[in-house]
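Examining the three-dimensional arrangement
As a plain string of letters, each chain reads:
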Amino acid sequence: MLKNLFKYSIRALLRQKSYLIINTLGLSVGLACSLIIAIFIFHELSYDQFHEKKDRLYRVILNGKLGGQEVEVTSTASVIGPTMLNEFPEVESFLRINPWGETVIKKDERTFMESRLLEVDSTFFGFFSIPLIHGNPKTVLNREHCAVLSESLAKKIFGDEYPVDQMIRIGTDSTFYLITGVMADMPDNTHLRGNILTSFMTNPRSRNQHWLSNSFDTYVLLHEGASTDAIDQRFTDMIIKYVGPVINQYFGVTMDDFLAQGNKYRMYLQPLTDIHLNPRIENMLKQPNDPKYLWIFGSIGLLIILIAAVNFMNLSTAQSTKRAKEVGIKKVSGSSRGMLISQFLIESILLSLVAMLLAVLLVEFCLPYFNELLNIHLHFNPFENIWIIPALLAFCIFTGILAGSYPAFYISSYNPYQVLKGILRSGKHNSSLRSSLVVLQFTISIVLIVGTGIMFRQISFMLNKDLGFDKEQVMVLSNINALRDHQQSFKKEVKNISGVMNAAISTAVPGRNNNNNGYRLKGREKESFLLQTNWVDSDFLDTYGIELADGRFFSDESEADNAACILNAQAVKHYNMTEPFSEKFIISENDAEEITYMPVIGVVDNFHFESLQKAIGPYMMRFRDENFHWGYVSIRLKSGVSKETIQEIEDVWKDYTGDEPMQYFFMDQHFERLYREEKNNAELSIIFTILGILIAALGLYGLTSFTVQQRTKEIGVRKTFGASIFTIWMLINKEILKLVGIATLIAWPLIYWAASNWLNHYHYRIDLNPIDFIAGFAIAALIALLTTSYRVVRAARINPSESLRYE
């Protein structure tokens, strides 16, 4: 019997080719979109889940507040890890990590660029489940000037040669590094980014005992069953014991008084598996992703599959009416209601299974493009986990039962006599159900259209907003430590190149800050002031086109400027400096009788030195000492700069550094990268929205075809009495526009709530515009009319004599 039901179901489906194509195509595209989104979400949730000790691994977070400015960072003092091991019974081991920027690696005469270098303690392989291919995990990093390479980097540098015990040069260090091991390449789903690990003890700062020198990531491994609540209390005691005296030395107040002023200095543990999806914390390793986008894409995936499922149900209910006579004949011929129910459900499930197979093929085809857009490496293997195939099958069965439930349970209940006579009592209810489902589809479509438009406008706003400085035509060299003592000479020669307008040297550039320093003011010694600090030379302002609001900028002719500073307007406002040029910062205090002051000599207009997701904070510029060998050289190029100008700069670079490669980036591209996640997500949202709308349009086309078939005789009668094609077009489409209008009224409040919540994540954001909402209705209505018009006009052009003979 079951065999016959399958046979009849397949035959029935093949007799309904247009229904089969529209339903299968719509459902398969919807399933493919939802599968890709699900793969992406599961990938994001899988970060750092593979580490065997993940439940006992934590990162130490510093949460500080000074002068009303609050930071939450992974940067901690070098001494914290050893102190926790000695004084916290719950801590089994500690690990410190110091990420480097882009680094030069030399092997004999060959040079390689590597952006993923980490200085780590010897405990690294005891913390993280990164397989070591060659070497002993306990000893590979237990001495100075040793390194472990990833498998791919070892292959790149040494080819087929055995890399262990070979020597390489790293950066500007004159001492060779010994290769002591080779590890497997780190997987994508970890926040760690390392192709080469060097021993942290090589860095002299690893022995720094200064408690306010926060520069490194610190991880701890807790004993089995250890309580993190107990550690929170121990952190408080440790801060009072060790940080309190330093606070007193620098700010002249006790720890209690410091906290009573509204300041904050606390530490807490962040679980390893929380790292990747916590953008609130400033991270020195891989930039965390914002979990709100998982919610956004998850919602889009659900909405798309809902549109596809509604299509399936809508066309199934429409098709069921056409098959009413078939049901009546079968019941008269002896078929039971149970057999009819089984046939309808099997047809729907078969259709759903075919759509799922097509969706899997679409996913395999589309994933490479998705990976290229997001710069990740997602893959889909249904046989990778035992639950994937059962889950897909269960979803197919669920969708099939949902779509086939109406014809199966409702149409099969008709009296054969009424069905064969064409007396369908359910016609009105059937139509109402389809109309409700169309409203649901267009509500979802309008939400996607308007929501994507608002997201795109916000990203465009951030990319094009005036930043308070000119980011165009600025080339930034990042590895200037290779110039050593020749930085000023290099800068002077570069400024003489015809394609160069200006050049400046600084320890930070917009978008790349590295010093958040605490200060005190003369006359306000009991208060604390936190400012982003950048040591710059006299050409910095002109190179970046930053406007001077008051006072003057640094001058090479004034020796007094070595102990002076420039503030931004936000620092003056935030710290209530009514007369900023009478203010003096205290920059050193050796004893009670010797105090050095730093006067304010200028105030610059506010400019965005960070992403627009953050408010502009207090900012200080200090005059750069020539002993600073680190930082950046910023070069403003003339418009329409040619490759020859960049080559000339590189030639000068080589004159001073030999064979050191010049590492650089352009400031405008750098700021675009700050919003890469938002930009990629907006593009994906547009793609998925278009696909969702196409699915809805496909279903609407199918329903319109059904409606036209049902009203063919009516169209013929109307044309006989003189109705024009436009009149008939309006007759059918006014119902569609009515449904779109109802969907719009439902969608607008939902969009307003969701968009307002999303925009609250940005300090600088667009305002919601009525045009966004009106455009959603207009686009949805236009799509609906374009979808239906061809089928309606085609039917209206048929000769009335043919329409009246239609059965």
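So, here is what we can say about the structure in this document. For clarity, every value in this text was computed on a predicted model and none was experimentally measured. (Residues numbered from 1 in each chain as written. Predicted model: local features only at pLDDT ≥ 70, side-chain atom pairs only at ≥ 80, totals over all residues. Heavy atoms only, no water.)

With that settled, consider the nonpolar core. With 100 residues, the main nonpolar core has Met621 and Phe688 as its most contacted residues. Element by element, the count of residues in this core is highest for helix H13 (residues 427–464), at twelve residues. Met621 has contacts with Asn534, Val536, Phe540, Leu541, Ile546, Phe553, Phe554, Ala564, Cys565, Ile566, Val604 and Phe607, leaving out every residue within four places of it along the chain. Trp211, Leu269, Leu531 and Ala571 belong to the second largest nonpolar core, which has 46 residues in total. (Core = buried A, V, L, I, M, F, W, Y, C linked by side-chain atoms within 4.5 Å. Buried < 20%, exposed > 50% of the residue type's maximum accessible area, 1.4 Å probe, protein only. Helix = DSSP H or I, 4+ residues; strand = E, 2+ residues; numbered from the N terminus. Contact = heavy atoms within 4.5 Å.)

Maximum bend of helix H6 (residues 228–251): about 45°, positioned at Val243, with proline Pro245 one to four residues after it. Among the residues of H6, Ile231, Phe235, Met238, Ile239, Val243, Gly244, Val246, Ile247 and Phe251 are the ones counted as buried. Gly252 occupies a position one or two residues after H6 and carries a positive phi of about 70°. (Bend = angle between axes of the 7 residues up to and from the residue.)

Evaluated as defined, the whole model comprises 27 aromatic pairs. Here the aromatic rings of Phe529 and Tyr575 are separated by 4.8 Å at their centres, their planes lie at 80°, and the arrangement is edge-to-face. Here Tyr575 lies in the loop between helix H16 (569–574) and strand E21 (584–591) and Phe529 lies in strand E18 (residues 524–536), a separation of 46 residues in the sequence. Measuring from centroid to centroid gives 5.2 Å for Phe554 and Phe623, while their planes differ by 55°, and the two rings are tilted. A residue pair is termed long-range when its members are at least 10 positions apart, and Phe554 in the loop between strand E19 (548–551) and strand E20 (565–568) and Phe623 in strand E23 (residues 619–623) qualify at 69 residues. Its relative accessible area of 13% is what places Phe623 among the buried residues. A network of ring pairs unites the aromatic residues Phe469, Phe540, Tyr544, Phe607, Phe609, Tyr619 and Phe671 as a single cluster. The ring of Phe176 carries the charged tip of Arg169 above its face, separated from the ring centre by 5.3 Å. The ring of Tyr597 carries Lys522 above its face, with NZ or CZ at 5.0 Å from the centroid. (Phe/Tyr/Trp six-rings, centres within 6.5 Å; stacked < 30°, edge-to-face > 60°. Lys NZ or Arg CZ within 6 Å of the ring centre and 35° of its normal.)

Now for empty space enclosed by the protein. Tallied over the full model, the rule gives four cavities of 30 Å³ or more. Within this model, the second largest cavity holds a volume of roughly 40 Å³. If you go around the second largest cavity, the residues you meet are Met462, Leu463, Leu467, Lys471, Asp668, Phe671, Glu672 and Tyr675. Contributions of two or more residues to the lining of the second largest cavity are made by H13 and helix H18 (667–674). By residue number, the principal contributor to the lining of the second largest cavity is H18, which donates three residues. (1 Å grid on protein atoms, 1.4 Å probe; cavity = no way out; pocket = protein on both sides within 12 Å on 5 of 7 lines; lining within 4 Å. Points joined across faces, edges and corners; volume = space filled by probe spheres on them.)

Before going further, it helps to spend a moment on unusual backbone geometry. Even without being a glycine, Asp48 presents a positive backbone phi close to 60°. In this structure, Asp48 sits in the loop between helix H2 (17–45) and strand E1 (57–66). On the basis of relative accessible area, Asp48 is assigned to the buried category, the value being 0%. Phi at Asp165 is positive, roughly 75°, even though this residue is not glycine. Position of Asp165 relative to the elements: it lies in the loop between helix H5 (151–158) and strand E10 (167–170). Looking at Asp165, the relative accessible area reads 58%, which means it is exposed.

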